[in-house]
Each structure stands twice: as structure tokens, then as C-alpha cells.
Amino acid sequence: MHDVVIVGAGPTGLMAACELALAGIPCTIVDKRGSESNVTRAFGLHARALELLDARGMGDQLVAAGNPLKTVYPAYASRVDFGRLDTRYPMLLLVPQNGTEKLLRRRAAELGVQIRRDAHVAGLTQDAESVRLRLQDGGELEARYVIGADGAHSTVRDLVDVGFAGAAYSLPMLLADVRIPTSEPPPITQVGTRGVVVTLPFGDGWFRVGAWLRDGQENAGFAQIREAFRRIAGTDYDMSEPRWFSRFTAERRQARTYRSGRVFLAGDAAHVNSPIGGQGMNTGIQDAINLGWKLAATLHGWGPPRLLDTYHAERHPVGSAVLAMTDHLTGLVLSGSRVRLELNRRIMATLLHTAPGRRHILGRLSGLEFAYAPGEPDAHPLAGRRAADGPTDAGRLYEVLRAGAFVLLSGKDVPAPWRHRVRHARPLGGTRPEATLIRPDGYVAWAGDHTGIEPALVKWCGPADHTDRKRNRATA
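Since the structure is predicted, the reported quantities are computational estimates derived from the model, not experimental observations. Chains are numbered independently. Their residues run from 1 in the order of the written sequence. Predicted model: local features are reported for residues with pLDDT of at least 70 only, side-chain atom pairs are reported and counted for 80 or more only, and whole-chain, interface and lining totals are derived from all residues. To obtain the side-chain values, all non-hydrogen atoms of the structure were included, while hydrogens and water were left out.

A. Representation of the overall build of the chain in the model. A count of helical and extended segments in the chain gives 12 helices and 27 strands. For the C-alpha atoms alone, the extent of the chain along its principal axes is close to 70 × 60 × 35 Å. Sequence-distant contacts, at least 24 apart, represent 70% of the contacts inside the chain between residues at least 6 apart. In the structure as shown, the chain presents an accessible area of about 19,300 Å², 50% of it carried by carbon and sulfur atoms. One way to put it: in the chain the 59 positive side-chain charges average out to a point 3 Å from where the 49 negative ones average out. Helix and strand assignments follow DSSP, with helices taken as H or I runs no shorter than four residues and strands as E runs no shorter than two, numbered in order from the N terminus. Contact definition: two residues touch when any of their heavy atoms are within 4.5 Å. Areas reported here follow the Shrake-Rupley algorithm with a probe of radius 1.4 Å; residue values treat only the protein chains shown as occluding. Only four residue types enter the charge count: Lys and Arg as positive, Asp and Glu as negative, with His and the chain ends excluded. Where a charge lies is defined by one atom per residue type: Lys uses NZ, Arg uses CZ, Asp uses CG and Glu uses CD.

Here it is as C-alpha cells:
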């Protein structure tokens, strides 16, 4: 009997495995691929995903491996200045998906996660105690919980039959990673009567290029991408050496529910959206971090009742909002209407010159403004919101979070019964509530005065007399 089996070794599955292993929960990943992936379809990480990776010690490593863009000029806006975000990562980081996967695989291996390859899931049954996966080779795995992180064509999602509502966009997209000999990167997005071309610099001479063609292409290949650039941008920028190519039709879909009994869906298995905006990998990584600590708390025995239900309650609305945002931007870009695009650019420019507009637009694109329902009508205004990084006597808050545990920011220490599950740090500078309890995924669980600390710990971190089945690796 496994505690957790994760289906899919992409960024979402790897991140979920790292979260569980960090919390002392052994897990196994099964993946139908026979080797490590060289897929690079996802191309960027936004500020919130980078903050959460920083909370696990990987944010700066990824920035060093990618190309941070503080200002971009997309087709839907004349200028988007991520550099104005109040975060350690005010950027859109261009980094190939396989680069992110490589870092996550290394971390998973350090934590003892096993990846079983060439493992095709063919059947799934569950009862009140466990889930059984049947593999095509006749093998079977039994687990207390299963996470389906097996992509847009998820077998796990199909087997639990939760639906995948939405539709496909009518126009196919061509993607490739190529070399372009230039010291000045081309514009990110260029729109013409024939369609749209995209050029994203990875910063090492390689570029992600894409063509979204209104007239379609039956025999698509690298030659067709070059031709699309010549027709829409007026040049193909002498691109060469395609190391990866894909033709696909983007979709906008979402599972009806992210939980079916003991089975959870995350990443593209739960939601897929247009690549415009670079949101897919970000949303999946955040799904994994949200779900990971909740599964670990439940398996350790101290998780509050119905804690696992909050995974769907919190992440499904975020997935819906991201889908709506990317669908709107895609409709603008693919409409073929220069009038609509120019009007949107002007509206965006006006909004971005105001503090509320800037906070809303940049906050949605970066993920920083997404928040979860506080759960109580009299909760502190910070409850459910992203915890901003800041200095404490134990280092930056997001360094303290690297243990994967709750953090109590307070002038008073954590009461003794909870010290093995909750880390303590005294905030330095600034005006804060007397005490703030930060969840392992970097969101505020509770905030208030010192008299409310113990009730908050009981609610979020279990009773005082509980002994964990396994201790957190980082705090044991």
C-alpha cells in the first residue's frame, strides 16, 4: 500500500511529489514515457510561481537558468511592466519546460521520490479506503490517494469521469525552438492579416517561435513557420536549427471537479488554456503546492476535517479565472481586428497608469493577486491572501517556509505542543498584526492578536495532543 501515487512526471507531478516527500510522506510517480521529457511547450514562469519555488529553495536557481523579462510588449497591450511588481521576482521568466522539470527531478531524487517509467495506467477503482491502479503490463498499484497529473489527455481524469468542459480553438498553432542570430530580440508578438507570430528569447541564443495561422496548415513544419514569419513579420530572422517542433490546437477546458473520492486532478489534467499569457505551468505548480501540504496533513492524521475538500474549493476558481483571462486575450489576438487590438491597448495603457488598474492587471497576469476565501465572516482582511515576503529574525519569510511547515510570525514563541509542526519567526520592521499564521503554501491562514494563536493552531494544525505518524524531514 502506497500513501500516494502520482500519475505523470511533468512539472505538476514532480512538484506534488517534492511537497509530499518534504513533509515525510513517501510517494511514487508513474509515467507512461520511457525516458525524461524533452518537451518544451511551456515557456515561462510568473512571479507567484517563482515565489513559491523560492519557498522551496529553487526560485533563484531557475532565474539563473532562464531569461528574466521585466518589460514585455504583447499584442494585447502596448507595454506590460512586470518590473513594477512588489516581489522578489518582478518579471516574466522565460525558461523551457524541460529546464524546470530538470530542476524538479533533481529535487525529487534528493528527497527519495521514485519514478516508474513505461507505466501506462489502464484502469482505476476506488473505495472508502484506497485506490487501485491497473497498469497495461498487468501490474497493479494500491494507494491511499492518487494524483492525476497526466496532462491534457489525462487517463486518470477519464477513468474517474468528471468531465472536461470547454472547446478547442479553431486555428492550429505551430511551435518550435530555434536559433536566431541577433543581438536585438524581435518583438514578442506581431499580428497580420494572415495570423499571429510569436518570438520569445530564452536568453542563450535559442528562441521559442510560434505561428497561429488563420488559414490553417495541413502540412505543417518548420518551413511553414518560416513562411508565416515572412508573411506576417516581413522576415524569418534567419531562424535555423529547430531542436523541437509541435503542431497543436489549443483548447480551453476545465474539469467539473478537481476531486473524486481519493483521486485528485492537478495541472493540465484539471485545466487547459490558451498559451497566450504563459499561464499553464504556473497554475499547475501552484495546484501541486496547494494540494501537497493538505494531503500530507491528512496522512499524518492532524489535518482538519474536510481539509482535502478545500483543494477544489480554492483552486477551481483560480483555474476558471485564468481560463477566462487567457480566452479573452486569445480572442483579441486572433480576431483579425486591428481596431479591437488598438482599443484594448489603449484601455490597458490607461488602466496600467493607475495604481488599482496596475494592481489588478499585473496581479492577475503574475498570479500575485489571486486569493482564497478566508472561510469565516469575521476573518482578518489578510486571511486567504498571499503572504508577502519580508525580513524576520530567522531570515526572509520565504526562506523560513522552506521547511514546508506552517510559520507563525509573532513576538511570542509557538506553544510547545505545536513546535514540531509550526516554525516561529519574529517579523522585523513594518506594521503587522500581532500574530500571523502562514500556511506551507505561502498564504495567510489566520491573523490577529496573541489571544487567538492557540485557537488558530488547533483549527489549522491539529490538536495539541496529536503525535504525527511521520515527522517533517526539514523539522525532525
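What follows picks up the thread again.
B. How the structure looks around the pattern of salt bridges. Salt bridges, as used here, are contacts in which a Lys or Arg side-chain nitrogen is within 4 Å of a carboxyl oxygen on Asp or Glu. The full count for this structure, using the stated rule, is 36 salt bridges. Notably, a salt bridge pairs Asp309 with Arg259, separated by 2.6 Å at the nearest N-O pair. Note that Asp309 is positioned in helix H8 (residues 309-334) and Arg259 in strand E19 (residues 259-260), a separation of 50 residues in sequence. Throughout, exposure labels follow a simple rule: accessible area from a 1.4 Å probe, protein chains only, divided by the maximum for the residue type, with under 20% read as buried, over 50% as exposed, and the rest as partly exposed. Residue classification places Asp309 among the partly exposed residues on the basis of a relative accessible area of 27%. Arg259 sits in the partly exposed class, given a relative accessible area of 25%. Across the pair Arg439 and Glu314 runs a salt bridge, and its minimum N-O distance is 2.9 Å.

C. Spotlight on the packing of aromatic side chains. Geometry of aromatic contacts follows a simple scheme: Phe, Tyr and Trp rings, the Trp one being its six-membered ring, pair when their centres are within 6.5 Å, and the pair is stacked under 30 degrees between planes, edge-to-face over 60, tilted otherwise. Counted according to the given criterion, the structure contains eight aromatic pairs. Ring geometry for Tyr258 against Tyr311: centres 5.9 Å apart, planes inclined by 45°, an arrangement best described as tilted. With Tyr258 in the loop between strand E18 (251-255) and E19 and Tyr311 in helix H8, this pair connects stretches of sequence that are 53 residues apart. What makes Tyr311 buried here is its relative accessible area of 0%. Between the aromatic rings of Trp293 and Phe406, the centroid separation amounts to 5.3 Å while the plane-to-plane angle is 90°, which identifies the pairing as edge-to-face.

D. Geometry of the sheet that holds strand E17 (residues 240-248). Strand pairing is assigned whenever DSSP detects at least two bridges linking the two strands. Here five strands make up an open sheet; going across it, the order is E14-E15-E16-E13-E17 and the pairing antiparallel. Both outer strands of the open sheet, strand E14 (189-192) and E17, are each paired with one neighbouring strand and no more. Going from strand to strand, the sheet's axes swing by 15° on average, the running direction of each strand aside. Here strand E13 (residues 173-179) runs beside E17; their pairing, made up of six bridges, is antiparallel. Considered in E17, the bridge of Ala176 is made with Phe245. Axis definition: a line fitted to C-alpha atoms, limited for helices to the stretch in contact. Angles are taken between N-to-C directions and run from 0 to 180 degrees. Running at roughly 105° to strand E15 (residues 195-201), helix H6 (residues 222-232) makes contact with E13, E14, E15, strand E16 (206-213) and E17 of the sheet.

E. Structural view of unusual backbone geometry. In the Ramachandran plot, Asp118 falls in the positive-phi region, its phi being about 55° despite a non-glycine side chain. Mapped onto the elements, Asp118 comes out in the loop between strand E8 (114-117) and strand E9 (121-126). Phi is positive for Arg306, which is not a glycine, with a value near 65°. Looking at the element boundaries, Arg306 is found in the loop between helix H7 (280-300) and H8.

F. Broad picture of the nonpolar core. Judged by nonpolar contacts, the single largest core of 70 residues is most densely connected at Val4, Ile6, Met15, Leu20, Leu45, Ile147 and Leu295. With 40 residues, the next largest nonpolar core counts Val80, Leu175, Ile361 and Leu362 among its residues. Buried Ala, Val, Leu, Ile, Met, Phe, Trp, Tyr and Cys residues form a nonpolar core when they are joined through side-chain atoms within 4.5 Å.

G. Geometry of a nonpolar patch on the surface. Nonpolar side chains collect at one region of the surface, where Leu343, Ile347 and Leu351 lie side by side and expose about 260 Å² of accessible area between them. Turning to its location among the elements, Leu351 is positioned in helix H9 (residues 338-352). Patch criteria: residues need more than 30% relative accessible area and no salt bridge. Like-charged residues are merged within 9 Å; nonpolar side chains of Val, Leu, Ile, Met, Phe, Trp and Tyr are merged within 5 Å.

H. Inspection of the environment of Arg247 at higher detail. Note on placement: Arg247 falls in strand E17. Separated by 35 residues in the primary sequence, Arg247 and Trp212 have C-alpha atoms spaced 10.0 Å apart.

I. Here's a closer look at helix H2 (residues 47-54). In terms of burial, H2 is largely enclosed, as eight of its eight residues are buried. All of the buried residues along H2 are Ala47, Arg48, Ala49, Leu50, Glu51, Leu52, Leu53 and Asp54.

J. How the structure looks around the sheet that holds strand E25 (residues 422-425). One open sheet holds the four strands; their spatial order is E25-E24-E26-E27, and the pairing between them is mixed. The open sheet has two edge strands with one neighbour each: E25 and strand E27 (444-448). Each neighbouring strand pair of the sheet contributes to a mean axis angle of 15°, computed without reference to strand direction. Its contacts with the sheet place helix H12 (residues 453-461) against strand E24 (406-410), E25, strand E26 (435-438) and E27, and it is angled at close to 10° to E26.

K. Representation of the packing of H8 against H9. With their axes 8 Å apart at the nearest point, H8 and H9 run at an angle of 135° to one another. As judged from the angle between their axes, H8 and H9 are oblique. In contact with His328, Gly331, Leu332 and Val333 of H8, H9 contributes Arg340, Leu341 and Asn344. Its residues placed into classes, the contact of H8 with H9 shows three nonpolar, three polar and one charged. By the definition adopted for this analysis, an angle is roughly parallel if under 35 degrees, roughly antiparallel if over 145, roughly perpendicular if from 65 to 115, and oblique otherwise. Here the term charged refers only to Asp, Glu, Lys and Arg, the term nonpolar to Ala, Val, Leu, Ile, Met, Phe, Trp, Tyr, Cys and Pro, and the term polar to all other amino acids, Gly among them.

Read these as spatial facts, not as claims about activity.
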